[in-house]
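# Geometric and topological summary
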Amino acid sequence: DVKVTQSSRYLVKRTGEKVFLECVQDMDHENMFWYRQDPGLGLRLIYFSYDVKMKEKGDIPEGYSVSREKKERFSLILESASTNQTSMYLCASRTSGDTEAFFGQGTRLTVV
Amino acid sequence: KNEVEQSPQNLTAQEGEFITINCSYSVGISALHWLQQHPGGGIVSLFMLSSGKKKHGRLIATINIQEKHSSLHITASHPRDSAVYICAAPYFGNEKLTFGTGTRLTIIP
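The present account deals with the structure reproduced in this document. (Residues numbered from 1 in each chain as written. Chains lettered and ligands numbered in written order. Predicted model: local features only at pLDDT ≥ 70, side-chain atom pairs only at ≥ 80, totals over all residues. Heavy atoms only, no water.)

## Quick look at the side chain of Thr99(A)
Going by this rule: The helix and strand labels rest on DSSP assignments: H or I over at least four residues marks a helix, E over at least two residues marks a strand, and numbering proceeds from the N terminus. For each residue, the accessible area found with a 1.4 Å probe, counting protein chains only, is set against the maximum for its type, and the residue is called buried under 20%, exposed over 50%, and partly exposed in between. Pairing of N or O atoms within 3.5 Å defines a polar contact, subject to two protein rules: one partner must be a possible hydrogen donor and the other a possible acceptor, and residues neighboring in sequence count only if both atoms are side-chain atoms. By definition, residues are in contact when any of their heavy atoms lie within 4.5 Å.
Position of Thr99(A) relative to the elements: it lies in the loop between strand E9 (87–94) and strand E10 (102–103). In this structure Thr99(A) comes out as buried when scored by relative accessible area, which is 18%. In this structure the side chain of Thr99(A) is engaged in a polar contact, spanning 2.8 Å, whose partner is the backbone oxygen of Thr95(A). Apart from residues no more than four positions distant in its own chain, Thr99(A) is found in contact with Arg94(A), His33(B) and Met48(B).

## Structural notes on the packing of aromatic side chains
The test is simple: Ring geometry is summarised as follows: Phe, Tyr and Trp rings, the Trp one being its six-membered ring, pair when their centres sit within 6.5 Å, and such pairs are stacked at plane angles under 30 degrees, edge-to-face over 60 and tilted between the two.
Taken as a whole, this structure holds 7 aromatic pairs over all chains when the rule is applied. Of the aromatic side chains, those joined through ring pairs into one cluster are Phe33(A), Tyr35(A), Phe48(A), Tyr50(A), Phe103(A) and Phe99(B).

## Notes on the nonpolar core
To keep things clear, this is the line we draw: Residues belong to one nonpolar core when they are buried, are Ala, Val, Leu, Ile, Met, Phe, Trp, Tyr or Cys, and are joined through side-chain atoms within 4.5 Å.
The biggest cluster of nonpolar side chains holds 22 residues, and the ones touching the most others in it are Ile19(B), Tyr25(B), Leu32(B), Trp34(B), Phe47(B), Leu72(B) and Tyr85(B). Put simply, the parts of the chain that give this core at least two residues each are strand E3 (19–25), strand E4 (32–37), strand E5 (43–49), strand E7 (59–64), strand E8 (69–74), strand E9 (83–90) and strand E11 (103–108) of chain B. Ile60(A), Tyr64(A), Phe74(A) and Ala81(A) belong to the second largest nonpolar core, which has 21 residues in total.

## Considerations on the sheet that holds strand E7 (residues 64–70) of chain A
Residues and elements named next belong to chain A. The test is simple: Pairs of strands are assigned from DSSP output, requiring at least two bridges between the strands. Lines are fitted to the C-alpha atoms to define the axes, a helix being fitted only along its stretch in contact, and any angle between axes, read from their N-to-C directions, falls within 0 to 180 degrees.
The 4 strands are arranged E1-E3-E8-E7 in an open sheet whose pairing can be described as antiparallel. Bordering the open sheet on either side are strand E1 (4–6) and E7, each of which pairs with just one other strand. Sheet twist, expressed as the average angle between the axes of neighbouring strands with direction ignored, equals 20 degrees.

Below, the structure written as structure tokens:
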């Protein structure tokens, strides 16, 4: 059974804290993605990685950074959390070409 | 970037009704994705299709590449079908997906 696992389902952090969201996939996929989902806006791409140590900015990268040191793990980092980063964060992975995307269960982050 | 639009945004129906959700996109694509998101957040891939029609149980997805339009149908709808349904299309020749804003479906017993 294929799996994308996010480290936390719910997270509450204070403004200014450094926040790490971890994502692990067991399918040997090259491509991994971080999205945030907000009401009325759908899923928006924050960052994308197509290989180890490779990353590409998505549509809304400001305030975020990522790390991919191993193929199976893709981390999203909020350098200094702000209240406008309160959102649902979803990780996904897929192999290259026209292939199915697999999603993690999501992390609901609240920044207070 | 591929713009993806879904309709309707919200849909409430009685159990047993036939459901249709529509998706249109702006640029040429090789395949379109239909996804389902239940309360709690997790997203599951339902279909990926590049032409014609696909069926899985009571769910049917169709696509018209020339008209840049896809539909998701649910036959004999059931309260457990209540979820948000999302379509997604790739940037042409790109690994990234653009998502519609989703259709919130509620099936009343």
